[in-house]
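Tertiary structure, described
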Amino acid sequence: RSFAAQPWRLSAHDYVARGGKPLAGPAVIASWDEALTPRMAAACCALEEETVVDELLEDLRTDTL
């Protein structure tokens, strides 16, 4: 918010449980996508950027942001 950054590949639509690490601690509400928090809770795992690095790099290569 401080830098007007826009979430990228961090929506409920993008979220796919890929065997990420188990969720821990209280849920954080994703202010940019109200469907993301419940989707993560249902999958019981976190999806980290490192898991989708290939997709992120491809977005940069093809300028599909």
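Further up the page is the structure itself.
Numbering of residues starts from 1 in each chain and follows the order in which that chain's sequence is written. Local features in this predicted model are restricted to residues whose pLDDT is 70 or higher, and side-chain atom pairs enter the listing and the counts only when it is 80 or higher, whereas totals over whole chains, interfaces and linings include all residues. Water and hydrogen atoms play no part in the side-chain values, which are based on all heavy atoms of the structure.

Quick word on the overall build of the protein
Along the protein, the regular secondary structure elements total two helices and zero strands. Here's how the labels work: a residue is buried when its accessible area is under 20% of the maximum for its type, exposed when over 50%, partly exposed in between, all with a 1.4 Å probe on protein chains only. The buried share among the 65 residues of the protein stands at 20%. Contact criterion: two residues are considered in contact whenever any of their non-hydrogen atoms come within 4.5 Å of each other. Contacts spanning at least 24 positions in sequence make up 58% of the contacts within the protein whose residues lie at least 6 apart. Here the Shrake-Rupley method, with its probe set to 1.4 Å, supplies the accessible areas, and only the displayed protein chains count as covering residues. Accessible surface, the protein: about 5,200 Å² in total, of which carbon and sulfur atoms supply 58%. Charged-residue counts in this description rest on Lys and Arg as positive and Asp and Glu as negative, His and the chain ends being excluded. All charge positions are set by atom: Lys at NZ, Arg at CZ, Asp at CG, Glu at CD. Each charge class in the protein was averaged separately, 6 positive and 11 negative side chains, and the resulting centres sit 3 Å apart. Numbering of helices and strands runs from the N terminus; a helix is a DSSP stretch of H or I covering at least four residues, while a strand is a stretch of E covering at least two.

Focus on the state of the cysteines
When the sulfur atoms of two cysteines come within 2.5 Å, that pair is taken as a disulfide. Enumeration according to the criterion identifies zero disulfides in this entry. Distance from the sulfur of Cys44, which forms no disulfide, to the nearest cysteine sulfur (Cys45) is 7.7 Å.

Concerning the nonpolar core
General note: in soluble globular proteins, nonpolar side chains tend to be found buried as a group. Take the buried Ala, Val, Leu, Ile, Met, Phe, Trp, Tyr and Cys residues and link them wherever side-chain atoms come within 4.5 Å; each set so joined is a nonpolar core. Ala12, Tyr15, Ala30, Leu36, Cys45, Leu47, Val52 and Leu56 form the largest nonpolar core, which has eight residues in total. Setting aside chain neighbours within four positions, we find Val52 in contact with Arg18 and Leu47.

Thoughts on the pattern of salt bridges
Salt bridges are defined by distance alone: a side-chain nitrogen of Lys or Arg within 4 Å of a carboxyl oxygen of Asp or Glu. Considering all chains together, one arrives at three salt bridges under this definition. Across the pair Glu48 and Lys21 runs a salt bridge, and its minimum N-O distance is 3.4 Å. Remark: Lys21 occurs in the segment before α1 (36-43) and Glu48 occurs in the loop between α1 and α2 (53-62); sequence separation between them is 27 residues. Glu48 gets classed as partly exposed once you look at its relative accessible area, which sits at 32%. The exposure class of Lys21 is partly exposed, given its relative accessible area of 48%. Between Glu58 and Arg61 there is a salt bridge, with the nearest N and O atoms lying 3.2 Å from each other.

Quick word on unusual backbone geometry
Positive phi is not limited to glycine here, since Arg9 has a value of about 60°. Relative to the helices and strands, Arg9 is located in the segment before α1. The residue Cys44 is not glycine, and still its phi comes out positive at about 60°. In this fold, Cys44 is placed in the loop between α1 and α2.

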